[in-house]
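For reference, the chains in residue letters:
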Amino acid sequence: MEKLLSIAIPCYNSQDYMEKAITSLLDEKEDIEILLVDDGSKDNTGIIGDSYASRYPGTIISLHQENGGHGEAVNTGIRYASGKYFKYWIVMTGLIKSI
């Protein structure tokens, strides 16, 4: 089933705050796909993403790439998105912002 909305979350060394962003989206998991894009993090960001992807198959996809910066992480999300619409979230310390 095609999801209505694909949401990419570019993550770089985001282990301390990415879970809040992920869990805030899970209430709508039937209609969305969440693309966690680990942009070459040096912390546990990728492991956390993989853990969520295994717990929520069909909703969360964990992607990994060498560090290419925020724009490249968004582009990776676009390449893998399958929803009818696309959006990305900025996740930073103390800030979760929808763009």
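Since the model is a prediction, treat every value here as computed from it, not as a measurement. (Residues numbered from 1 in each chain as written. Predicted model: local features only at pLDDT ≥ 70, side-chain atom pairs only at ≥ 80, totals over all residues. Heavy atoms only, no water.)

Participant: Quick question: what am I supposed to make of the overall build of the protein here?
Facilitator: On a plain count of helices and strands, the protein comes out with 3 helices and 5 strands. If you list the helices and strands of the protein from N to C, you get β-α-β-α-β-α-β-β. Since a compact globule built from 99 residues should have a radius of gyration of about 13 Å, the 12 Å found for the protein is in line with a globular shape. For the protein, the spread of C-alpha atoms along the three principal axes comes to 35 × 25 × 25 Å. In the protein, which comprises 99 residues, the share counted as buried stands at 42%. In the protein, the proportion of contacts linking residues at least 24 apart, taken out of those at least 6 apart, comes to 75%. Carbon and sulfur atoms make up 51% of the accessible area of the protein, which amounts to about 5,600 Å² in all. Of the side chains in the protein, 9 bear a positive and 14 a negative charge, and the two mean positions are spaced by 5 Å. (Helix = DSSP H or I, 4+ residues; strand = E, 2+ residues; numbered from the N terminus. Rg over C-alpha atoms; globule rule 2.2 N^0.38 Å. Buried < 20%, exposed > 50% of the residue type's maximum accessible area, 1.4 Å probe, protein only. Contact = heavy atoms within 4.5 Å. Areas by Shrake-Rupley, 256 points an atom, 1.4 Å probe, with all protein chains shown as cover. Lys, Arg positive; Asp, Glu negative; His and termini not counted. Charge placed at Lys NZ, Arg CZ, Asp CG, Glu CD.)

Participant: Help me out: how do you make sense of the pairing of strand 1 (residues 5–11) in this one?
Facilitator: Successive residues of a regular strand alternate their side chains across the two faces of the sheet. With respect to burial, strand 1 is a largely interior element, 6 of its 7 residues being buried. Pairing analysis gives 7 bridges linking strand 1 to strand 2 (residues 32–39), with the strands arranged parallel. Bridge assignment links Ser6 to a residue of strand 2, and that residue is Glu33. Taken together, strand 1, helix 1 (residues 18–25) and strand 2 constitute a β-α-β crossover, and its handedness is right-handed. (Pairing = 2+ DSSP bridges. Right-handed = clockwise from strand over helix to strand, strands pointing away.)

Participant: Would you explain the side chain of Asp39 in this entry?
Facilitator: One can find Asp39 in strand 2. Lacking a salt bridge, the buried Asp39 has Arg79 as its closest oppositely charged neighbour, with an N-O distance of 9.0 Å. Looking at Asp39, its side chain comes within polar contact range of the main-chain nitrogen of Gly68, at 2.8 Å. Residues in contact with Asp39, not counting those within four places in the same chain, are Cys11, Tyr12, Gln65, Glu66, Asn67, Gly68, Gly69, His70 and Ala73. (Salt bridge = Lys/Arg side-chain N within 4 Å of Asp/Glu carboxyl O. Polar contact = N/O pair within 3.5 Å; in protein donor to acceptor, adjacent residues only side chain to side chain.)

Participant: How do you make sense of the packing of aromatic side chains when you look at a structure like this?
Facilitator: Centre-to-centre distance and the angle between the planes together describe a pair of aromatic rings. For the structure on display, the rule yields 1 aromatic pair. Judged by centre distance (6.3 Å) and plane angle (15°), the rings of Tyr52 and Tyr56 are stacked. Note on Tyr52: relative accessible area 4%, which makes it buried. If you follow Arg55 out to its NZ or CZ, it ends over the ring of Tyr52, 4.2 Å from the centre. (Phe/Tyr/Trp six-rings, centres within 6.5 Å; stacked < 30°, edge-to-face > 60°. Lys NZ or Arg CZ within 6 Å of the ring centre and 35° of its normal.)

Participant: I keep staring at the nonpolar core and nothing clicks. Help me out?
Facilitator: Looking at soluble globular proteins, one finds that nonpolar side chains tend to be buried together. If you look at the biggest cluster of nonpolar residues, it comprises 18 residues, and the most contacted ones within it are Ile9, Ile22, Leu25, Ile34, Leu36, Tyr52 and Ile60. When residues of this core are traced back to their parent elements, those giving at least two are strand 1, helix 1, strand 2, helix 2 (45–55) and strand 4 (85–92). If you tally residues by element for this core, the top one is helix 1, at 4 residues. Those residues in contact with Ile60 that lie beyond four places of it in its chain are Ile22, Leu26, Ile34, Leu36, Tyr52 and Ala53. Of all hydrophobic cores here, the second largest spans 5 residues; its members include Leu35, Val37, Leu63 and Ala73. (Core = buried A, V, L, I, M, F, W, Y, C linked by side-chain atoms within 4.5 Å.)

Participant: Help me understand the packing of helix 1 against helix 2 in this model?
Facilitator: Two quantities define a packed helix pair, namely the angle between the helix axes and the distance between the axes. Relative to each other, helix 1 and helix 2 sit at 20°, their axes nearing to 11 Å. As the angle between them shows, helix 1 and helix 2 are arranged roughly parallel. Crossing handedness for the pair helix 1 and helix 2: right-handed. Across the interface between the two elements, Met18, Glu19, Ile22 and Thr23 of helix 1 pack against Thr45, Ile48, Gly49 and Tyr52 of helix 2. Each residue belonging to the contact of helix 1 with helix 2 can be placed in one class, and the counts come to 4 nonpolar, 3 polar and 1 charged. (Axes fitted to C-alpha atoms, helices over the stretch in contact; angles between N-to-C directions. Parallel < 35°, antiparallel > 145°, perpendicular 65-115°, else oblique. Left-handed = near helix turned anticlockwise from the far one by under 90°. Nonpolar A, V, L, I, M, F, W, Y, C, P; charged D, E, K, R; others polar.)

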